[in-house]
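# Architecture and fold: a report
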Amino acid sequence: MAKRSTVPANAAEVPCHVVLAEPWSASAIEADETWWSFPDGVADGDLVITVAHARVPAILQVAELWLDDNEGWGLNTVEPYVPIGIAIAALERRLGTRFSTEPRTLPVGVTADVLAAITSEDATPTPWSSLPHRCLDADDSKLVQNDQFWGCNACGAYAASRYRPRLQAHREPRGNDPQFSGALAVCPSCHDILHQPLGPTFDELMFSYRPSCPRCDAKQTFKLLMGMPPGPPPYGTHSGGCAISAPDIPSYICQACNFEW
Ligand SMILES: [Zn+2]
Ligand SMILES: [Zn+2]
Ligand SMILES: [Zn+2]
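Here we summarise the structure given alongside this text.

Conventions and cut-offs
Residue positions are given per chain, counted from 1 along the sequence in the order it is written. Note on labels: chains are lettered from A, ligands numbered from 1, in written order. Local features in this predicted model are restricted to residues whose pLDDT is 70 or higher, and side-chain atom pairs enter the listing and the counts only when it is 80 or higher, whereas totals over whole chains, interfaces and linings include all residues. The side-chain quantities take in all heavy atoms of the structure and omit both hydrogens and water. The helix count covers DSSP runs of H or I at least four residues long, the strand count covers runs of E at least two residues long, and both are numbered beginning at the N terminus. The rule is simple: take the accessible area with a 1.4 Å probe, protein chains only, and divide by the maximum for that residue type; under 20% is buried, over 50% is exposed, in between is partly exposed. When checking whether two residues touch, look at their non-hydrogen atoms; a contact exists if any pair is within 4.5 Å. Note on areas: Shrake-Rupley with a 1.4 Å probe; residue coverage comes only from the protein chains shown. Salt bridges are identified by distance alone: a Lys or Arg side-chain nitrogen within 4 Å of an Asp or Glu carboxyl oxygen. Donor criterion used throughout: N, O or S atom within 2.8 Å of the metal, extended to 3.2 Å for Na, K and Ca. Water excluded; incomplete-looking sites may result. Angles run from 0 to 180 degrees between N-to-C directions of axes, and those axes are lines fitted to C-alpha atoms, restricted for helices to the stretch in contact. In this scheme the handedness of a crossing depends on how the near helix is turned from the far one: anticlockwise by less than a right angle means left-handed, clockwise means right-handed. Gly falls in the polar group here, along with every residue not listed as nonpolar (Ala, Val, Leu, Ile, Met, Phe, Trp, Tyr, Cys, Pro) or charged (Asp, Glu, Lys, Arg). The rule for pairing is simple: two strands pair if DSSP sees at least two bridges between them.

Before going further, it helps to spend a moment on the overall build of the protein. A count of helices and strands for the protein gives six helices and twelve strands. The buried share of the protein, reckoned over its 261 residues, is 38%. The contacts in the protein between residues at least 6 apart in sequence include a share of 57% that link residues at least 24 apart. For the protein, the accessible surface area stands at approximately 14,300 Å², while carbon and sulfur atoms represent 53% of it.

Here we take up the pattern of salt bridges. All told, the structure shown has four salt bridges when counted by the stated rule. Here glutamate 92 and arginine 98 are joined by a salt bridge, their closest N and O atoms 4.0 Å apart. For arginine 98, a relative accessible area of 68% corresponds to the exposed category.

Ligation of the zinc ion (ligand 1) by protein atoms is provided by Cys152 (SG), Cys155 (SG), Cys187 (SG) and Cys190 (SG), these donors lying 2.3 to 2.4 Å from the ion. Positions of the donor residues of the zinc ion (ligand 1) along the chain correspond to the pattern C-x2-C-x31-C-x2-C. With cysteine 155 in the loop between helix H4 (138-145) and strand E8 (168-170) and cysteine 187 in the loop between strand E9 (184-186) and helix H5 (188-194), this residue pair connects regions lying 32 residues apart in the sequence. Given a relative accessible area of 2%, cysteine 187 falls into the buried group.

All right, on to the packing of helix H2 (residues 88-95) against helix H3 (residues 110-123) then. Closest axis-to-axis distance for the H2/H3 pair is 10 Å, and the angle between their directions is 115 degrees. In the packing of H2 onto H3, the handedness of the crossing is right-handed. Between H2 and H3, the contacting residues are Ala90, Leu91, Arg94 and Leu95 on the first element and Asp113, Val114, Ala117, Ile118, Ser120 and Glu121 on the second. Its residues placed into classes, the contact of H2 with H3 shows six nonpolar, one polar and three charged.

With that out of the way, let us pick up the sheet that holds strand E11 (residues 237-239). Taking strand neighbours across the sheet as the criterion, the three strands line up as E11-E10-E12 in an open arrangement whose pairing is mixed. Strand pairing shows two members of the sheet lacking a second neighbour, E11 and strand E12 (252-254), which therefore form its edges. Pairs of neighbouring strands in the sheet enclose a mean axial angle of 35 degrees, with direction left out of account. Alignment of strand E10 (residues 221-225) against E11, held across three bridges, turns out to be parallel. Note on E11: the bridge partner recorded for leucine 224 is histidine 238.

This is the structure:
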(Lines give C-alpha, C1' and ligand atoms only; values in the text may rest on other atoms or scores of the structure.)
(Ligands and ions follow the chains in the order given, each with its own letter.)
Protein backbone atom coordinates (compact mmCIF):
# COMPACT_ATOMS: atom_id res chain seq x y z
CA MET A 1 0.00 0.00 0.00
CA ALA A 2 2.93 2.35 0.54
CA LYS A 3 4.29 2.37 -2.99
CA ARG A 4 3.20 5.31 -5.06
CA SER A 5 3.05 5.90 -8.75
CA THR A 6 1.49 8.55 -10.92
CA VAL A 7 -1.79 8.44 -12.78
CA PRO A 8 -1.43 6.40 -15.95
CA ALA A 9 -1.46 8.66 -19.02
CA ASN A 10 -4.52 6.78 -20.27
CA ALA A 11 -6.41 7.26 -16.96
CA ALA A 12 -9.61 8.14 -18.76
CA GLU A 13 -9.59 4.77 -20.52
CA VAL A 14 -8.71 2.58 -17.53
CA PRO A 15 -11.80 1.18 -15.75
CA CYS A 16 -12.39 3.05 -12.50
CA HIS A 17 -14.23 1.55 -9.53
CA VAL A 18 -15.66 2.98 -6.33
CA VAL A 19 -14.56 0.79 -3.40
CA LEU A 20 -16.13 1.14 0.04
CA ALA A 21 -14.04 0.67 3.20
CA GLU A 22 -16.19 -0.29 6.17
CA PRO A 23 -15.98 0.15 9.08
CA TRP A 24 -13.42 2.88 8.69
CA SER A 25 -11.68 4.28 11.75
CA ALA A 26 -8.10 4.37 13.01
CA SER A 27 -8.83 1.48 15.41
CA ALA A 28 -10.65 -0.64 12.78
CA ILE A 29 -7.75 -0.24 10.31
CA GLU A 30 -5.22 -1.09 13.03
CA ALA A 31 -7.18 -4.21 14.08
CA ASP A 32 -7.56 -5.22 10.40
CA GLU A 33 -11.35 -5.16 10.77
CA THR A 34 -11.99 -2.97 7.74
CA TRP A 35 -13.68 -4.65 4.76
CA TRP A 36 -13.03 -3.35 1.28
CA SER A 37 -16.09 -3.91 -0.93
CA PHE A 38 -15.29 -4.09 -4.63
CA PRO A 39 -17.78 -4.29 -7.50
CA ASP A 40 -17.63 -7.41 -9.69
CA GLY A 41 -15.19 -7.60 -12.57
CA VAL A 42 -12.19 -5.66 -11.28
CA ALA A 43 -8.83 -6.34 -12.93
CA ASP A 44 -5.15 -5.81 -12.22
CA GLY A 45 -4.17 -2.24 -13.10
CA ASP A 46 -7.65 -0.74 -12.76
CA LEU A 47 -8.13 2.61 -11.04
CA VAL A 48 -9.92 2.65 -7.70
CA ILE A 49 -11.48 5.48 -5.69
CA THR A 50 -11.78 4.36 -2.07
CA VAL A 51 -14.57 5.88 0.01
CA ALA A 52 -15.65 5.55 3.65
CA HIS A 53 -18.16 6.85 6.12
CA ALA A 54 -15.58 8.70 8.20
CA ARG A 55 -16.63 11.81 10.14
CA VAL A 56 -18.60 12.49 6.98
CA PRO A 57 -18.81 10.36 3.82
CA ALA A 58 -15.43 10.92 2.20
CA ILE A 59 -12.95 9.91 -0.47
CA LEU A 60 -9.90 8.33 1.13
CA GLN A 61 -7.61 7.84 -1.82
CA VAL A 62 -7.22 7.33 -5.55
CA ALA A 63 -5.22 4.19 -6.27
CA GLU A 64 -4.14 1.65 -8.80
CA LEU A 65 -5.30 -1.87 -7.98
CA TRP A 66 -2.96 -4.83 -8.23
CA LEU A 67 -4.13 -8.42 -8.17
CA ASP A 68 -2.02 -11.55 -8.35
CA ASP A 69 -2.78 -15.20 -9.09
CA ASN A 70 -2.82 -16.12 -5.37
CA GLU A 71 -5.76 -13.86 -4.47
CA GLY A 72 -3.32 -11.26 -3.22
CA TRP A 73 -4.28 -7.65 -3.82
CA GLY A 74 -3.26 -4.17 -2.87
CA LEU A 75 -3.65 -0.50 -3.71
CA ASN A 76 -0.85 1.80 -4.85
CA THR A 77 -1.79 5.42 -4.21
CA VAL A 78 -1.70 7.55 -7.35
CA GLU A 79 -2.40 11.21 -8.12
CA PRO A 80 -4.48 13.12 -7.30
CA TYR A 81 -3.33 12.58 -3.70
CA VAL A 82 -5.90 13.41 -1.03
CA PRO A 83 -3.96 13.30 2.26
CA ILE A 84 -6.80 14.49 4.51
CA GLY A 85 -9.65 13.07 2.44
CA ILE A 86 -12.31 14.85 0.43
CA ALA A 87 -15.90 15.19 1.61
CA ILE A 88 -18.32 13.54 -0.80
CA ALA A 89 -20.54 16.60 -0.33
CA ALA A 90 -17.74 18.82 -1.67
CA LEU A 91 -17.24 16.53 -4.66
CA GLU A 92 -20.98 16.52 -5.40
CA ARG A 93 -21.00 20.30 -5.25
CA ARG A 94 -18.29 20.45 -7.91
CA LEU A 95 -19.83 17.73 -10.08
CA GLY A 96 -23.35 19.12 -9.73
CA THR A 97 -24.62 15.58 -9.28
CA ARG A 98 -24.88 12.87 -6.61
CA PHE A 99 -21.89 10.66 -5.92
CA SER A 100 -22.87 7.53 -4.02
CA THR A 101 -20.53 5.51 -1.79
CA GLU A 102 -21.99 2.27 -3.24
CA PRO A 103 -19.29 0.01 -4.71
CA ARG A 104 -19.60 0.23 -8.50
CA THR A 105 -17.73 0.73 -11.73
CA LEU A 106 -18.00 4.31 -12.96
CA PRO A 107 -19.56 4.74 -16.40
CA VAL A 108 -17.09 5.45 -19.19
CA GLY A 109 -16.78 9.22 -19.52
CA VAL A 110 -17.52 9.94 -15.87
CA THR A 111 -14.07 8.97 -14.54
CA ALA A 112 -12.23 11.96 -16.05
CA ASP A 113 -14.80 14.39 -14.58
CA VAL A 114 -14.55 12.80 -11.15
CA LEU A 115 -10.73 12.82 -11.16
CA ALA A 116 -10.73 16.46 -12.32
CA ALA A 117 -13.12 17.38 -9.51
CA ILE A 118 -10.92 15.58 -6.96
CA THR A 119 -7.85 17.42 -8.28
CA SER A 120 -9.59 20.81 -8.03
CA GLU A 121 -10.92 20.01 -4.57
CA ASP A 122 -7.46 19.04 -3.36
CA ALA A 123 -5.97 22.30 -4.73
CA THR A 124 -8.70 24.62 -3.40
CA PRO A 125 -10.81 22.76 -0.85
CA THR A 126 -14.43 23.83 -0.42
CA PRO A 127 -14.71 25.44 3.05
CA TRP A 128 -16.55 23.09 5.40
CA SER A 129 -18.89 25.93 6.31
CA SER A 130 -20.23 25.84 2.72
CA LEU A 131 -21.25 22.20 3.17
CA PRO A 132 -24.04 20.85 5.43
CA HIS A 133 -23.10 21.12 9.13
CA ARG A 134 -24.60 21.69 12.59
CA CYS A 135 -22.28 24.47 13.73
CA LEU A 136 -22.13 28.30 13.83
CA ASP A 137 -25.75 28.55 14.96
CA ALA A 138 -26.55 32.15 15.99
CA ASP A 139 -27.73 31.26 19.52
CA ASP A 140 -24.83 28.86 20.03
CA SER A 141 -22.45 31.56 18.85
CA LYS A 142 -23.71 33.99 21.48
CA LEU A 143 -23.26 31.35 24.17
CA VAL A 144 -19.71 30.47 23.19
CA GLN A 145 -18.63 34.12 23.37
CA ASN A 146 -19.39 33.84 27.09
CA ASP A 147 -16.84 31.04 27.10
CA GLN A 148 -14.01 33.40 26.11
CA PHE A 149 -12.63 33.15 29.65
CA TRP A 150 -11.79 29.47 29.09
CA GLY A 151 -10.32 29.86 25.65
CA CYS A 152 -10.69 27.19 22.97
CA ASN A 153 -12.34 24.12 24.51
CA ALA A 154 -10.19 21.86 22.34
CA CYS A 155 -6.62 23.27 22.40
CA GLY A 156 -7.00 25.54 25.45
CA ALA A 157 -5.36 28.46 23.66
CA TYR A 158 -6.38 32.13 23.89
CA ALA A 159 -7.77 31.91 27.44
CA ALA A 160 -5.66 34.77 28.80
CA SER A 161 -4.28 36.30 25.63
CA ARG A 162 -4.84 39.91 24.74
CA TYR A 163 -5.37 39.15 21.07
CA ARG A 164 -7.49 36.18 20.23
CA PRO A 165 -9.74 34.90 17.49
CA ARG A 166 -13.49 34.86 17.84
CA LEU A 167 -14.49 31.47 19.20
CA GLN A 168 -16.90 29.46 17.08
CA ALA A 169 -19.72 27.11 18.10
CA HIS A 170 -19.05 23.49 17.18
CA ARG A 171 -21.42 20.54 17.45
CA GLU A 172 -20.26 17.01 16.87
CA PRO A 173 -21.89 15.28 13.89
CA ARG A 174 -25.16 13.51 14.75
CA GLY A 175 -24.57 10.02 16.08
CA ASN A 176 -21.07 10.74 17.33
CA ASP A 177 -20.26 11.38 20.96
CA PRO A 178 -23.79 11.72 22.38
CA GLN A 179 -22.36 13.16 25.62
CA PHE A 180 -22.15 16.54 23.92
CA SER A 181 -25.56 18.07 24.39
CA GLY A 182 -24.53 21.66 23.84
CA ALA A 183 -22.20 23.56 21.57
CA LEU A 184 -18.45 23.60 22.17
CA ALA A 185 -16.41 26.80 21.91
CA VAL A 186 -13.48 26.26 19.58
CA CYS A 187 -10.91 28.45 17.86
CA PRO A 188 -11.16 28.64 14.03
CA SER A 189 -8.02 26.52 13.65
CA CYS A 190 -9.33 23.64 15.78
CA HIS A 191 -12.70 24.02 14.07
CA ASP A 192 -11.11 23.43 10.65
CA ILE A 193 -9.37 20.30 11.94
CA LEU A 194 -12.63 18.99 13.43
CA HIS A 195 -14.32 19.35 10.04
CA GLN A 196 -11.66 17.59 8.00
CA PRO A 197 -13.44 14.53 6.54
CA LEU A 198 -10.89 12.19 8.14
CA GLY A 199 -10.38 14.43 11.17
CA PRO A 200 -10.47 13.52 14.84
CA THR A 201 -13.46 13.45 17.14
CA PHE A 202 -13.65 16.36 19.55
CA ASP A 203 -12.31 14.11 22.33
CA GLU A 204 -9.40 12.90 20.24
CA LEU A 205 -8.43 16.48 19.38
CA MET A 206 -8.82 17.80 22.95
CA PHE A 207 -6.90 14.89 24.50
CA SER A 208 -4.13 15.27 21.91
CA TYR A 209 -3.30 18.66 23.47
CA ARG A 210 -3.07 17.22 27.00
CA PRO A 211 -0.49 15.01 28.73
CA SER A 212 -1.10 11.25 28.92
CA CYS A 213 -1.81 9.70 32.32
CA PRO A 214 1.51 9.04 34.14
CA ARG A 215 -0.03 5.95 35.75
CA CYS A 216 -1.95 4.11 32.98
CA ASP A 217 -0.74 6.02 29.89
CA ALA A 218 -4.35 6.62 28.70
CA LYS A 219 -4.90 9.75 26.64
CA GLN A 220 -8.14 10.74 28.38
CA THR A 221 -7.02 13.63 30.53
CA PHE A 222 -9.48 16.12 32.00
CA LYS A 223 -8.34 19.33 33.64
CA LEU A 224 -8.96 19.58 37.36
CA LEU A 225 -10.12 22.92 38.59
CA MET A 226 -9.77 24.00 42.22
CA GLY A 227 -11.37 27.10 43.68
CA MET A 228 -14.37 29.03 42.49
CA PRO A 229 -14.56 29.40 38.73
CA PRO A 230 -16.22 32.51 37.29
CA GLY A 231 -18.77 30.32 35.52
CA PRO A 232 -19.49 26.69 34.74
CA PRO A 233 -16.28 25.13 33.40
CA PRO A 234 -16.34 23.80 29.85
CA TYR A 235 -16.45 20.15 28.77
CA GLY A 236 -13.14 18.46 29.58
CA THR A 237 -12.76 20.12 32.98
CA HIS A 238 -13.72 18.75 36.40
CA SER A 239 -14.46 21.07 39.29
CA GLY A 240 -12.40 19.74 42.18
CA GLY A 241 -13.80 21.86 45.01
CA CYS A 242 -12.36 24.75 46.97
CA ALA A 243 -9.18 23.26 48.47
CA ILE A 244 -7.00 25.98 47.02
CA SER A 245 -4.69 26.09 50.06
CA ALA A 246 -3.68 22.41 49.89
CA PRO A 247 -0.06 21.73 48.86
CA ASP A 248 0.60 20.06 45.49
CA ILE A 249 -2.79 20.82 44.00
CA PRO A 250 -3.35 18.41 41.11
CA SER A 251 -4.06 19.92 37.70
CA TYR A 252 -5.27 16.85 35.82
CA ILE A 253 -7.43 13.78 36.31
CA CYS A 254 -7.36 10.64 34.16
CA GLN A 255 -10.81 9.54 32.91
CA ALA A 256 -9.58 5.95 32.58
CA CYS A 257 -8.15 5.30 36.07
CA ASN A 258 -9.07 8.45 38.08
CA PHE A 259 -5.43 9.18 38.91
CA GLU A 260 -4.86 12.84 39.78
CA TRP A 261 -1.58 14.69 39.26
ZN1 LIG B 1 -8.23 25.56 19.45
ZN1 LIG C 1 -18.14 22.41 13.92
ZN1 LIG D 1 -4.89 6.77 34.04
